[in-house]
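Descriptive structure summary
Read off the chains here:
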Amino acid sequence: MKTPLVAVTMGDGAGVGPEVVVRALADPEVRAVCRPVVVGDLRRLEDAARITGVEVELRAVDSPEEATFEPGTVEVIDLDLLPADLPFGVLSAVAGDAAYQYVKVASELAVAGRVQAICTAPLNKEALHAGGHPYPGHTELLAELCGVDEVSMMLSTPTVKVIHVTTHIGLVDAIERIDDALVERTIRRGDATLRDSGLARPRLGVCGINPHAGENGLFGRGEEAEKIVPAVERCRADGIDVQGPLPADTAFFLAGRGDYDLIVAMYHDQGHGPVKVLGLEAGVNISVGLPVIRTSVDHGTAFDIAGTGTADAGSMIEALRQAAALAPSP
Ligand SMILES: NC(=O)C1=CN([C@@H]2O[C@H](COP(=O)(O)OP(=O)(O)OC[C@H]3O[C@@H](n4cnc5c(N)ncnc54)[C@H](O)[C@@H]3O)[C@@H](O)[C@H]2O)C=CC1
Ligand SMILES: NCC(=O)COP(=O)(O)O
C-alpha cells in the first residue's frame, strides 16, 4: 500500500528549518510512513545537509508526481528564491517572502489533492511581515489560502493535547474576542478531531480565563460565567463529555494525571506554556478546521543556533509521523 504524499515546507531559510528538514527526512522511520517532497530551496538544503553531516542526495523535481522516493534521496520542488550567501540567524525580508511562497505552493498541492498532507518547518513571523505578508502565522495564512474563516491551533504531545480558543493576538484583544460562540465552536472542533482520530468519547477540560477560573466572581469581571459556561452547557447538552471552566493550572494537572484527553485553552500562552515544559521534541502543532491536513513543528526558527548543526529534529519527525497518520489514503 502506498504511504501518503506529504509536502514539507522548508520554513525560513535563515533559521533551523533546513537543518531539521534534512535530519527528519533522513530518518528511516519517517520514510517508512510517508513519501515526502520538500518545497524550498535546494541549495539551502544542501548547506543544511553539509552542516548537519546528514548523508542524503538532494534532487530537484518539478512536481510530487515526478518524485521517486528512492532511499537516501530527498526530493525538492526548488523555488530557488534565496541568495546563495544568505546568512544563518539573521532576519530578512527575502527569507520571509520565500517562506510564504513555500507554504503557498504546498497548500495549492494539498487543495488540489496532489499531496495528502502538509508539514511545515518554522517560519519567522517578523520576517514574514518584512517580506510583505502580514499574517500572524501559518495557521491564519493557511486558513486564507484554503478559503476557511476559522481554524483552531491544537498542540499534541503524548501527555497532553491542547486546543486554543485564540492564538496570535494580544492578550487584551484575546479576552475581548472570546465569546461563548467561539468557545463552543472550539470545543466542538476539538471533540470532533479526537473522535476522528479514534477516541470514542473524548474527555475535554475547559480552562477559565482568570486565575482560579474567577473563584466564583472574586477575580476578574465574570468572564467565565459570560463567555464559557453557556458554551460548555450547550456542548454537554449535545452529549460532549466536557467539564469547565476549570482553573487553568488545575486543568493541566488533571490532564497530566490522565483525567482529560484534551484541554481547551483560552489564549496562546495558557496552552503553550505547559506543552513547552514537556520539551521541544514532544510537541506537534496541528491546524484543526482546514480542508487539508497540516502539522508543524512546535518550535520556532531558533536564529540563535541556526547554521550550527545542533538543532534537534524530534518535533519535525513527530510532525511528519502525525501528518502521515492523519492523512487520507493516497
Ligand atoms: N511553526 C512555526 O512556524 C513557529 C514559528 N515561531 C517563530 O519563530 C521565531 C522565533 O521564536 P522563539 O520564540 O525565539 O522560539 P524558538 O523556538 O525559535 O527558540 C526558543 C529556544 O529554543 C531553542 N530551540 C528552538 N528550536 C530548537 C531545536 N529544533 N533544537 C534545539 N533548540 C531549539 C532555541 O535555540 C531557543 O533557545 C518567531 O518569529 C516565532 O514567531 C515560533 C513557533 C512556531
Ligand atoms: N506558537 C506556535 C506558533 O506560533 C506557530 O504558529 P503557526 O505558524 O503554526 O500559525
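Details of the structure are given in the entry above.
Keep in mind that this is a model prediction, so the values were computed, not measured.

With respect to the environment of Gly244
For Gly244, the position within the fold is in strand 9 (residues 241-246). Along the primary structure Gly244 and Ser296 are separated by 52 residues, whereas in three dimensions their C-alpha atoms are 29 Å apart. The contact partners of Gly244, leaving out residues within four places of it in the chain, are Val206 and Val232.

Things to note about the site of ligand 1
The immediate surroundings of ligand 1 are formed by 16 residues, with Leu123, Gly300, Ala302, Asp304 and Asp312 found nearest. Lys125 is positioned such that a nitrogen or oxygen atom in its backbone is 3.2 Å from an oxygen atom of ligand 1. In isolation ligand 1 exposes 820 Å². Once the protein is present, 65% of that is buried. A class-by-class count of the residues in the shell around ligand 1 yields 7 nonpolar, 6 polar and 3 charged.

Focus: helix 10 (residues 248-257)
Looking only at helix 10, the buried set comprises Ala248, Ala251, Phe252, Leu254 and Ala255. The buried residues of helix 10 occupy an angular sector of 160 degrees when the element is viewed end-on, so they sit on one face. Facing away from the buried surface of helix 10 by more than 90 degrees, the exposed residues are Asp249, Phe253 and Arg257. The inward-facing, buried residues of helix 10 abut strand 7 (161-164), strand 8 (203-207), strand 9, strand 10 (262-265) and helix 11 (268-277). Phi turns positive one or two residues past the end of helix 10, at Gly258, with a value near 105 degrees.

Re the nonpolar core
Membership of the largest hydrophobic core comes to 91 residues, with the highest contact counts inside it found for Val38, Ile187, Met266, Met316 and Leu320. Of all the elements, helix 4 (residues 93-111) adds the most residues to this core, at 9 residues. If you count residues domain by domain, this core takes at least three from each of domain 1 (5-148 + 290-326) and domain 2 (152-278). Residues contacting Ile187, with those up to four places away along its chain left out, are Leu204, Val206, Ala231, Val232, Cys235, Ile240, Val242 and Val264.

Quick look at the site of ligand 2
Close contacts around ligand 2 come from Lys125, Gly137, His138, Thr139, Met153, His168, His268, His272, Asn285 and Arg294, and that covers them all. Here Asn285 contributes a side-chain N or O atom positioned 3.0 Å from an oxygen atom of ligand 2. A total of 300 Å² of accessible area belongs to ligand 2 in isolation, and the protein chains cover 86% of it. The set of elements that each furnish at least two residues to the shell around ligand 2 consists of helix 6 (138-145) and helix 11. For the shell around ligand 2, the per-class residue count stands at 1 nonpolar, 7 polar and 2 charged. Here the shell around ligand 2 spans two domains, and each of domain 1 (5-148 + 290-326) and domain 2 (152-278) adds at least three residues to it.

Description of the pairing of strand 7
Successive side chains on a regular strand alternate, one facing one side of the sheet and the next facing the other. Bridge count between strand 6 (residues 152-156) and strand 7: 3 bridges; the pairing is antiparallel. Across the sheet, residue Met154 finds its bridge partner in strand 7, namely Ile163.

Digging into helix 1 (residues 17-25)
Helical geometry note: an α-helix holds 3.6 residues per turn, so side chains three or four residues apart project in the same direction. With respect to burial, helix 1 is a largely interior element, 8 of its 9 residues being buried. Regarding helix 1, the residues found buried are Gly17, Pro18, Glu19, Val20, Val21, Val22, Ala24 and Leu25. Looking at the buried positions of helix 1, the neighbouring elements they touch are strand 1 (5-9), helix 2 (28-33), strand 2 (35-40), helix 3 (42-52), strand 4 (73-78) and helix 12 (314-326).

A few points about the packing of helix 4 against helix 6
Packing of helix 4 against helix 6 leaves a shortest axis separation of 10 Å and a crossing angle of 45 degrees. By the criterion of interaxial angle, the relationship of helix 4 to helix 6 is oblique. Like other packed secondary-structure pairs, helix 4 and helix 6 cross with a definite hand, here right-handed. Judged by residue contacts, Tyr100, Val103, Lys104 and Ser107 of helix 4 engage His138, Leu141, Leu142 and Leu145 from helix 6. Split by residue class, the contact of helix 4 with helix 6 holds 5 nonpolar, 2 polar and 1 charged.

Considering the sheet that holds strand 10
In spatial order, the strands read 3-4-2-1-5-12-11-6-7-10-8-9; together these 12 strands make up an open sheet with mixed pairing. Looking at the sheet topology across the chains shown, the edges are occupied by strand 3 (57-61) and strand 9. Taking each pair of neighbouring strands and ignoring which way they run, the sheet shows an average axis angle of 25 degrees. Of the strand pairs in this sheet, strand 8 and strand 9 are connected by 4 bridges, and their pairing is parallel.

Overview of the packing of helix 8 (residues 180-196) against helix 9 (residues 223-237)
Between two packed helices, both the angle of their axes relative to each other and the distance between the axes serve to describe the pair. Direction vectors running N to C along helix 8 and helix 9 enclose 45 degrees, while the axes themselves pass 8 Å from each other. With respect to their mutual orientation, helix 8 and helix 9 come out oblique. Relative to helix 9, helix 8 is oriented so that their crossing is right-handed. Counted together, Asp180, Ala181, Val183, Glu184, Ile187 and Arg188 of helix 8 and Glu226, Lys227, Pro230, Ala231, Val232, Arg234 and Cys235 of helix 9 form the full contact between these two elements. Counted by class, the contact of helix 8 with helix 9 contains 7 nonpolar, no polar and 6 charged residues.

Rules used in this analysis
Residues numbered from 1 in each chain as written. Chains lettered and ligands numbered in written order. Predicted model: local features only at pLDDT ≥ 70, side-chain atom pairs only at ≥ 80, totals over all residues. Heavy atoms only, no water. Helix = DSSP H or I, 4+ residues; strand = E, 2+ residues; numbered from the N terminus. Contact = heavy atoms within 4.5 Å. Near = heavy atom within 4 Å. Polar contact = N/O pair within 3.5 Å; in protein donor to acceptor, adjacent residues only side chain to side chain. Areas by Shrake-Rupley, 256 points an atom, 1.4 Å probe, with all protein chains shown as cover. Nonpolar A, V, L, I, M, F, W, Y, C, P; charged D, E, K, R; others polar. Buried < 20%, exposed > 50% of the residue type's maximum accessible area, 1.4 Å probe, protein only. Arc of directions from axis to C-beta. Core = buried A, V, L, I, M, F, W, Y, C linked by side-chain atoms within 4.5 Å. Domains from an automatic or database assignment. Pairing = 2+ DSSP bridges. Axes fitted to C-alpha atoms, helices over the stretch in contact; angles between N-to-C directions. Parallel < 35°, antiparallel > 145°, perpendicular 65-115°, else oblique. Left-handed = near helix turned anticlockwise from the far one by under 90°.

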